[in-house]
Amino acid sequence: MFTPVLPYTGYAGWAFLERTYEAQRETFDKSPLLTRDTEYFEANIGNVDTPEDLVSDRRLLRVALGAFGLGDDIDNRYFIQKVLEEGTLEEDALALRLSDERYREFAEAFGFDRGTPSTKISTFGAEITEQFRRQEFEIAVGDQDETMRFALNAQRALGEIAGSESGTDTKWFRIMGNPPLREVFQTAFGLPASFGQIDLDQQLEVFKDRSEQILGTDDPADFGDTELQEKLVRSYMLRDQLQDITVASSGLIAQTLLAGAVSFLDSLRER
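Residues numbered from 1 in each chain as written. Predicted model: local features only at pLDDT ≥ 70, side-chain atom pairs only at ≥ 80, totals over all residues. Heavy atoms only, no water.

J.: Tell me about the overall build of the protein, and name the residues and values.
T.: Looking only at helices and strands, one finds 13 helices and 0 strands in the protein. If you list the helices and strands of the protein from N to C, you get α-α-α-α-α-α-α-α-α-α-α-α-α. Intrachain contacts of the protein at a sequence separation of at least 6 include 60% that bridge at least 24 residues. Accessible area for the protein stands at about 14,300 Å²; split by element, carbon and sulfur atoms hold 50% of it. (Helix = DSSP H or I, 4+ residues; strand = E, 2+ residues; numbered from the N terminus. Contact = heavy atoms within 4.5 Å. Areas by Shrake-Rupley, 256 points an atom, 1.4 Å probe, with all protein chains shown as cover.)

J.: An account of the environment of D73 is needed here, citing residue identities and associated values.
T.: Turning to its location among the elements, D73 is positioned in the loop between α4 (58–66) and α5 (77–86). The spatial distance from the C-alpha of D73 to the C-alpha of L61 is 9.6 Å, given a sequence separation of 12 residues.

J.: Go over the side chain of D240 with me, naming the residues and quoting the values.
T.: Position of D240 among the secondary structure elements: in helix α13 (residues 226–270). Despite its burial, D240 remains without a salt bridge, the nearest opposite charge being carried by R239 at 11 Å. Apart from residues lying up to four places away in sequence, D240 is in contact with T147 and T187. (Buried < 20%, exposed > 50% of the residue type's maximum accessible area, 1.4 Å probe, protein only. Lys, Arg positive; Asp, Glu negative; His and termini not counted. Salt bridge = Lys/Arg side-chain N within 4 Å of Asp/Glu carboxyl O.)

J.: Would you mind going over the packing of helix α9 (residues 146–162) against helix α10 (residues 168–176) in detail, with residue names and values included?
T.: The N-to-C vectors of α9 and α10 enclose an angle of 160°; their axes lie 10 Å apart at closest approach. Taken as axis vectors, α9 and α10 run roughly antiparallel relative to one another. With respect to the hand of their crossing, α9 and α10 are arranged in right-handed fashion. Along its contact with α9, which presents L158, I161 and A162, the element α10 presents K171, R174 and I175. Taken together, the residues of the contact of α9 with α10 break down into 4 nonpolar, no polar and 2 charged. (Axes fitted to C-alpha atoms, helices over the stretch in contact; angles between N-to-C directions. Parallel < 35°, antiparallel > 145°, perpendicular 65-115°, else oblique. Left-handed = near helix turned anticlockwise from the far one by under 90°. Nonpolar A, V, L, I, M, F, W, Y, C, P; charged D, E, K, R; others polar.)

J.: An account of the packing of aromatic side chains is requested, with residue identities and associated values reported.
T.: One pass over the full model with this rule turns up 15 aromatic pairs. Ring plane angle 70° and centroid distance 5.5 Å describe the contact between F68 and F106, whose orientation is recorded as edge-to-face. Residue F68 is located in the loop between α4 and α5, and its partner F106 is located in helix α7 (residues 101–110); the two are separated by 38 residues in the primary sequence. Assessed through its relative accessible area of 0%, F106 is described here as buried. With centroids separated by 5.7 Å and ring planes inclined at 85°, the aromatic side chains of W172 and F223 adopt a geometry described as edge-to-face. One end of the pair, W172, is in helix α10; the other, F223, is in the loop between α12 (200–215) and α13, with 51 residues separating them in the sequence. One exposure class covers both W172 and F223, and it is buried. A cation sits over an aromatic face here: R59 above Y40, 4.1 Å from the ring centre. (Phe/Tyr/Trp six-rings, centres within 6.5 Å; stacked < 30°, edge-to-face > 60°. Lys NZ or Arg CZ within 6 Å of the ring centre and 35° of its normal.)

J.: Describe the packing of helix α11 (residues 179–188) against α12, and please don't skip the residues or the numbers.
T.: The geometry of α11 relative to α12 is characterised by a closest axis approach of 10 Å and an angle of 60° between their N-to-C directions. Taken as axis vectors, α11 and α12 run oblique relative to one another. The interaxial crossing formed by α11 with α12 has left-handed handedness. Where α11 approaches α12, its residues R182, F185, Q186 and A188 are matched on the opposing element by Q203, F207, I214 and L215. Class assignment of the residues belonging to the contact of α11 with α12 gives a composition of 5 nonpolar, 2 polar and 1 charged.

J.: Requested: an account of α9, with residues and values cited.
T.: With 17 residues, α9 should reach 24 Å at 1.5 Å per residue; the first-to-last C-alpha distance of 24 Å fits that figure. By the criterion of burial, α9 is predominantly enclosed, with 12 of the 17 residues buried. Looking only at α9, the buried set comprises T147, M148, F150, A151, L152, N153, A154, R156, A157, L158, I161 and A162. (Expected span 1.5 Å × (residues − 1).)

As structure tokens, this is what we get:
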């Protein structure tokens, strides 16, 4: 499997990745394992009629889940089958009750609750494998630098959310319900890890307020703009670097104080 080239960290590394993205993706997509998996999916997904058919074929399920960033659920077959069976049409459907927005997107895409599932659409296989390849590339990038993986995910997810027909608050809840995307916004907006513990409606107001201050808009419909996405990622990268520097500096200060204390105690013993 081709390993993405990331010679720098932080925003400089992100700028390099953006410049070389297309070339690196082209090489990555030709990896033998990736090619075998995607070809198998496209050749066989049309034979899937039910959620049980999908979860019974591990190779198909790996691509299906991976396309939505849910690859870690590969062994949770019963849970995934229930998510797909209940779909998204009913208000109490499992996918709609989960805080992670990706399950809703997954169930909605396959549409097993809508009569004829999407697996019977001729273009569906190619659409899912393209998502899968992009997600796999993001994972490969994340193996070297998690912040860059989150940034890539943000670019992709924001375009989809911005173009949806949902209302403003619903789009914000989708952002807040996507863990990797939420991490980008929360860090870019300078919000602490404990922020997620406060009331959800309060979180929404804070996100909108910070977005207006930092990005110049509180409407997610604007987040499809590439310049706005770049502004968000730049703030995310720089704040993440600042956190690392702060942590490293705190550790250095602690070590210096400890070393000073040890030296002082040693001098007392010598007396």
